[in-house]
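Observations on the three-dimensional arrangement
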Amino acid sequence: MAVAVVVTAAVGACSPPPGNDEPDVIVIETITESIGPAPAVPPAATGPGVGIGVGGGLEEFDSFARQLPAQVGLAIVPVGGGQVLTGGTVMTDVAWSTIKVPLAIAALTADPAQAGNVAAAITASDNDAAQAMWDDLGSGTAAATAVQQVLAEFGDPGTAVQPQVTRPGFTAFGQTIWPLTAQAQFAASLPCRDAADEVLTLMGQVSPGQSWGLGALMRLIESAQLCSVEVPTREQGSL
């Protein structure tokens, strides 16, 4: 079984409280297993302000990553967006359940009656609830466009949300190719946008059954906010 671990962190603050010198930290962690044919993954975007994995400014992390029995990637972005620093070798992969965060924002914005499905999808990674949100947005191209609009508004204008099922047994949106740097830019915007407030609050109310990875830190950091999901696992949070 092949395992890859991808971690994204955004460090900084939109407007830190007076006297608070501690930065906010947003983290996305991914652990994926080989479970069958996957869609082709294009190279991660490069260009001004975009790291390229190994040699992307985090040399000490590169050294650490080489010692691990897995492929690892790390991206760091100031909260609110900005220069991306990267390390490791995994710079892009399918989104899996991290896409539930922008999907939830899109669904709640379009239809406040989706609040129950949003809560279930974010706190318990309920796939049926996520599919219900997708269907409420019109499914297919209509839903993909709505989620892409959220990504663009939150600092990721380049990701194309997958509108159709490409792997039987898995959701269309979960197979979206979401580069690590793009995830970092999106996550860095969450604390800065009013439209994300309700979803971000729910990310701090993850069910006990989802408390692994970042969820384990909830016992140590009361302010942790995250979205913990099923195996294959991707987690997104703010510490």
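All figures in this text were calculated on a predicted structure; none of them were measured in a lab. (Residues numbered from 1 in each chain as written. Predicted model: local features only at pLDDT ≥ 70, side-chain atom pairs only at ≥ 80, totals over all residues. Heavy atoms only, no water.)

Before going further, it helps to spend a moment on the overall build of the protein. For the protein, the count of helices and strands is eight helices and six strands. Ordering the α and β elements of the protein from the N terminus gives β-β-α-β-β-α-α-α-α-α-α-α-β-β. Per-residue burial for the protein yields a buried fraction of 47% across its 239 residues. For the protein, contacts bridging at least 24 residues in sequence account for 64% of all contacts bridging at least 6. A total accessible area of about 10400 Å² is found for the protein, and carbon and sulfur atoms account for 57% of it. (Helix = DSSP H or I, 4+ residues; strand = E, 2+ residues; numbered from the N terminus. Buried < 20%, exposed > 50% of the residue type's maximum accessible area, 1.4 Å probe, protein only. Contact = heavy atoms within 4.5 Å. Areas by Shrake-Rupley, 256 points an atom, 1.4 Å probe, with all protein chains shown as cover.)

This next bit is on the nonpolar core. In terms of nonpolar packing, the biggest core is built from 35 residues, with Ile-105, Trp-134, Phe-186 and Leu-190 touching the most fellow members. Here this core takes seven residues from helix H2 (residues 100-110), the largest share from any one element. For Ile-105, the residues in contact, after removing those within four places along its chain, are Val-150, Phe-154, Phe-186, Leu-190, Ala-195, Ala-196 and Val-199. Listed in part, the seven residues of the second largest apolar core include Val-77, Met-91, Leu-180 and Ala-184. (Core = buried A, V, L, I, M, F, W, Y, C linked by side-chain atoms within 4.5 Å.)

For any pair of aromatic rings, the description consists of the separation of the ring centres together with the inter-plane angle of the planes. Per the stated rule, a full pass over the model turns up five aromatic pairs. Their ring planes at 50 degrees and their centres at 5.9 Å tell us that Phe-61 and Phe-64 sit as a pair that is tilted. Taken together, the positions of Phe-61 and Phe-64, both in helix H1 (residues 59-65) and three residues apart, correspond to about one turn of that helix. Overall, Phe-64 belongs to the partly exposed group, its relative accessible area being 42%. Members of the aromatic cluster, joined through ring pairs, are Phe-154, Trp-178 and Phe-186. The ring of Phe-170 carries Arg-167 above its face, with NZ or CZ at 5.5 Å from the centroid. In this arrangement the basic side chain of Arg-193 is found over the ring face of Phe-154, its NZ or CZ atom lying 4.8 Å from the centre. (Phe/Tyr/Trp six-rings, centres within 6.5 Å; stacked < 30°, edge-to-face > 60°. Lys NZ or Arg CZ within 6 Å of the ring centre and 35° of its normal.)

This part covers helix H4 (residues 127-136). Listed as buried for H4 are Ala-129, Ala-130, Met-133 and Trp-134. Viewed along the axis of H4, the buried residues span an arc of 145 degrees, placing them on a single side of the element. Where H4 is buried, its residues meet H2, helix H3 (115-124) and helix H5 (140-153). Where H4 begins, the side chain of Asp-126 points an oxygen toward the backbone nitrogen of Asp-128, at a separation of 2.9 Å. Taken from the residues just after H4, Gly-138 is the one with a positive phi, measuring 110 degrees. (Arc of directions from axis to C-beta. Polar contact = N/O pair within 3.5 Å; in protein donor to acceptor, adjacent residues only side chain to side chain.)

Okay, the confidence of the model for the protein next. Scored by pLDDT, the protein comes out at a mean of 75, with 64% of its residues at no less than 70. Note that pLDDT drops below 50 for residues 15-52; the model gives that stretch 101 contacts with residues more than four away or on any other chain. Of the regions scoring below 50 in pLDDT, residues 219-235 engages in 70 contacts with residues more than four places distant in sequence or in other chains. (pLDDT = per-residue confidence, 0-100.)

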